[in-house]
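Understanding the architecture of this molecule
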Amino acid sequence: MPVLGEDQVYVIKYGTDYHRAWCRVVAEAWDQAPRGLRVTLFADVGERNGCTGCDAIMKKISSVQENEGQPHPSLQLPPSDALIPLKVIGVAHGILFLAAGQEHQERLNETAVEPATPLSVDGRRDGMVVRLDATRTEPLLVVQLDPRATVTDGPYQMHLRRPLQRSATKPYAVESVEPAPRA
Ligand SMILES: [Zn+2]
């Protein structure tokens, strides 16, 4: 299949359009009458018009390229989506159990726990989130506490973000867990 160089387009013998991409028209011509498909300089298209099918393809390609060009596809979520309140339902053997309200179950079903997700207290790491169980009506977050960590009885909260891992299968990930600021 003929490949376009820079400043080149496809034209089809007796056609009225020129083509900037491998669109359906070009593919059909290549299939049915390959000799009629020519590569020519864009400067030589003459009276021919740009093919609209190709325009759509080029638009798609450039929008994909733009997205990939961004160094960080924004891990941030809008604040209203990012914060989930938690309450302590138990502490045992260095494990802290936190529950979220059932109104958050749907979101947490779509949330992953990535490695090294911290429980952070005053900017210090006091533990690690090990598991999120959203199959329960009140989703459960399991945190392994560091030996020196102290647990407060007050409310906690969890921040969500977009996953860091490109292969992530869920659209959200836990960024961190922390005691909720006192009102
Ligand atoms: Zn075309």
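Each chain has its residues counted from 1, following the order in which its sequence is written. For this predicted model, a pLDDT threshold of at least 70 governs which residues receive local features, and a threshold of 80 or more governs which side-chain atom pairs are given and counted, while totals over whole chains, interfaces and linings are taken from all residues.

1. Observations concerning the overall build of the protein chain
- Of the regular secondary structure elements, the protein chain holds four helices and 12 strands.
- Counting only C-alpha atoms, the protein chain reaches 80 × 30 × 30 Å along its principal axes.
- In the protein chain, the share of contacts with a sequence separation of at least 24, taken over all contacts with a separation of at least 6, comes to 62%. In DSSP terms, a helix is any run of H or I states spanning at least four residues, a strand is any run of E spanning at least two, and both are numbered starting from the N terminus. By the convention adopted here, residues make contact when the C-beta atoms placed from their backbones lie within 7 Å.

2. Overview of the nonpolar core
- In terms of nonpolar packing, the biggest core is built from 19 residues, with Leu86, Leu98, Leu141, Val143, Met158, Val174 and Val177 touching the most fellow members.
- Of all the secondary structure elements, the ones that give two or more residues to this core are strand E5 (83-92), strand E6 (95-100), strand E9 (124-133), strand E10 (140-145), strand E11 (156-161) and strand E12 (172-179).
- Ignoring anything within four residues of it in the chain, the contact list for Met158 reads Ile84, Leu86, Leu141, Val174 and Val177. By our criterion, buried Ala, Val, Leu, Ile, Met, Phe, Trp, Tyr and Cys residues that link up through C-beta atoms within 7 Å make up a nonpolar core. Counts of 20 or more other C-beta atoms within 10 Å of a residue's own C-beta define buried residues, counts of 12 or fewer define exposed ones, and intermediate counts define partly exposed ones; C-beta atoms are placed from the backbone.

3. Re the environment of Val25
- Considering the arrangement of structural elements, one finds Val25 in helix H1 (residues 24-32).
- We classify Val25 as partly exposed; it has 18 C-beta atoms within 10 Å.
- Sequence spacing of Val25 and Cys54 is 29 residues, and the spatial spacing of their C-alpha atoms is 9.1 Å.
- When near neighbours in sequence (up to four residues on either side) are disregarded, Val25 contacts His19, Cys51 and Gly53.

4. Comments concerning unusual backbone geometry
- Here the phi dihedral of Tyr14 falls at roughly 70°; this positive angle occurs in a residue that is not glycine.
- Looking at the element boundaries, Tyr14 is found in the loop between strand E1 (8-12) and strand E2 (17-19).
- With phi around 50°, His93 is a residue other than glycine that occupies positive phi space.
- Relative to the elements of secondary structure, His93 occurs in the loop between E5 and E6.
- On the basis of neighbour counts, which here come to 6 C-beta atoms within 10 Å, the residue His93 falls in the exposed class.

5. With respect to the sheet that holds strand E4 (residues 49-50)
- Pairing within the open sheet is mixed, and its four strands lie in the order E3-E1-E2-E4. Each having just a single partner strand, strand E3 (37-41) and E4 make up the two edges of the open sheet.
- The pairing criterion for strands is at least two bridges between them, as found by DSSP. Both E1 and E3 contribute to a ladder of five bridges, which runs antiparallel. Residue pairing for E3: Val11 is matched across the bridge by Arg38.

6. A look at the environment of Arg131
- As for its placement among the helices and strands, Arg131 is situated in strand E9.
- Linking Arg131 and Phe97, residues 34 residues apart in sequence, is a C-alpha distance of 9.9 Å.
- The residues touching Arg131, leaving out its near neighbours within four places in the chain, are Val113 and Val142.

7. Thoughts on the pairing of E6
- Here E5 runs beside E6; their pairing, made up of six bridges, is antiparallel. Along E6, the bridge assignment pairs Gly90 with Phe97.
- Hairpin geometry of E5 and E6 is characterised by an intervening segment of two residues between the two adjacent antiparallel strands and by a positive phi of about 50° at His93.
- Inspection of the sheet shows E6 paired to E10 by five bridges, in the antiparallel sense. The partner of Leu98 across the bridge, within E10, is Leu141.

8. Some thoughts on the domain arrangement of the protein chain
- Delimitation of the domains relies on an automatic or database domain assignment. Each assigned domain of the protein chain is listed with its residue range as follows: domain 1 (8-69) and domain 2 (79-179).
- Distance from the C-alpha centre of domain 1 to the C-alpha centre of domain 2: 51 Å.

9. Let's talk about the environment of Leu119
- With respect to the element layout, Leu119 can be found in strand E8 (residues 118-121).
- The class for Leu119 is buried, based on 25 C-beta atoms found within 10 Å.
- Counting along the chain gives 25 residues from Leu119 to Gln144, while the straight-line C-alpha distance between them is 8.6 Å.
- For Leu119, the contacting residues outside a window of four places in its chain are Asp126, Gly127, Met128, Val129, Val143 and Val177.

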